[in-house]
Amino acid sequence: MDIHVDKDACVGCGLCVKDCPMHVYELQNNVSVAVRPNNCMGCLSCHEICPAQALEHRGIYAARRHYIDIKVCEMLRKVV
Amino acid sequence: MSGGYIDELHEAFHSDLIYRSEDIPLDCSPKPKEMEQTLHGVMKLNGLIIRSLEEIAGRGANAVTYRAGKKFGHEVAKYFQKRDDVEGALHELSDLLRGQYSFEVWKPEDKETFIIEENGETFIYLVFHDCIVRQTLRRNGLDQGGPLCQTLFGYVVGAIEEITGRKAKLEIVHTGPNACLKKLVLK
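In this text, all values refer to a predicted model and were calculated from it rather than measured experimentally. (Residues numbered from 1 in each chain as written. Chains lettered and ligands numbered in written order. Predicted model: local features only at pLDDT ≥ 70, side-chain atom pairs only at ≥ 80, totals over all residues. Heavy atoms only, no water.)

Caption draft 1: Molecular detail of the pattern of salt bridges. This model, assessed by the stated rule, comprises 10 salt bridges over all chains. For B:Glu162, the salt bridge identified is with B:Lys82, shortest N-O distance 4.0 Å. On the criterion of sequence distance, the pair formed by B:Glu162 in helix α6 (residues 147–164) and B:Lys82 in the loop between α3 (60–77) and α4 (86–97) is long-range, its members being 80 residues apart. Overall, the relative accessible area of 45% leaves B:Lys82 in the partly exposed class. Each member of the salt-bridge network shares a partner with another, and the members are A:Asp2, A:Glu56 and A:Arg58. (Salt bridge = Lys/Arg side-chain N within 4 Å of Asp/Glu carboxyl O. Helix = DSSP H or I, 4+ residues; strand = E, 2+ residues; numbered from the N terminus. Buried < 20%, exposed > 50% of the residue type's maximum accessible area, 1.4 Å probe, protein only.)

The following block contains the structure:
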């Protein structure tokens, strides 16, 4: 697993450090660093919790998302 | 209600199709894309049932859904090959759950084997990737790890017990939007 933290975007809140059950992240100089990327099982809780959207995972299995309403997405695409 | 509307309804539900009792449908009908409304309806209904069950039965809701899942697990797995080894049983289970759930056996990097012995208990970490329960909960804005998750727990435990003849327990370690980490404790 390759985890990239955008150091410019990270606000150093430490939410990813607290939330990750496998202690993948550590705060170093007020910036989150993925110190144990091989322990990541790809739950993406850190993505959901990160207020700065500073995280990027590469080589991850994206679970099926049946709950996304296709019609709503079609409408959003017209607006966004 | 106008006669025109009733005629329209009759027309909508009428076709020239000849359906014989021996006809076995070989394809999913209608196509999955057309099933989206049905899928969302089922997810919505399941979410409301679980929410109501929790409101009325409180913590007892977990016991009800766990038991339902366990019965389902036993029921489905009884047609599968019986095995003594947990690894083989998990393989059987993965076939059993295909299409509804997908999972992998997982270990942290500091562990050497997938079967971990710690504090007097033997367990295996399972990472659930695709999960119809998670889909339903997120569709309804419900928390993960509640009564609906207990159906999956019961299902896995029931199936493992049926395949191996060993008692088991499934615990939540972590829930996430893309995957959940569970601990299968073997007894």
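There's more to say after this.
Caption draft 2: How the structure looks around α3(B). Helix length check: α3(B) (18 residues) gives 26 Å between terminal C-alpha atoms against 26 Å at 1.5 Å per residue, within 8%. Against α2 (36–57), α4 and α6 of chain B lie the buried residues of α3(B). (Expected span 1.5 Å × (residues − 1). Contact = heavy atoms within 4.5 Å.)

Caption draft 3: Looking closely at the packing of aromatic side chains. All names here are of chain B. Going through the model one piece at a time under the given rule, you end up with six aromatic pairs over all chains. A centroid spacing of 4.9 Å and a plane angle of 85° characterise the contact between Phe-72 and Tyr-155, whose relative ring orientation is edge-to-face. Of this pair, Phe-72 sits in helix α3 while Tyr-155 sits in helix α6, and the two are 83 residues apart along the sequence. By relative accessible area, which is 42% here, Phe-72 ends up partly exposed. Lys-107 extends its terminal NZ or CZ atom over the ring of Phe-114, reaching a point 5.9 Å from the ring centre. Sitting over the ring of Phe-128, Lys-182 keeps its end group 4.9 Å from the ring centre. (Phe/Tyr/Trp six-rings, centres within 6.5 Å; stacked < 30°, edge-to-face > 60°. Lys NZ or Arg CZ within 6 Å of the ring centre and 35° of its normal.)

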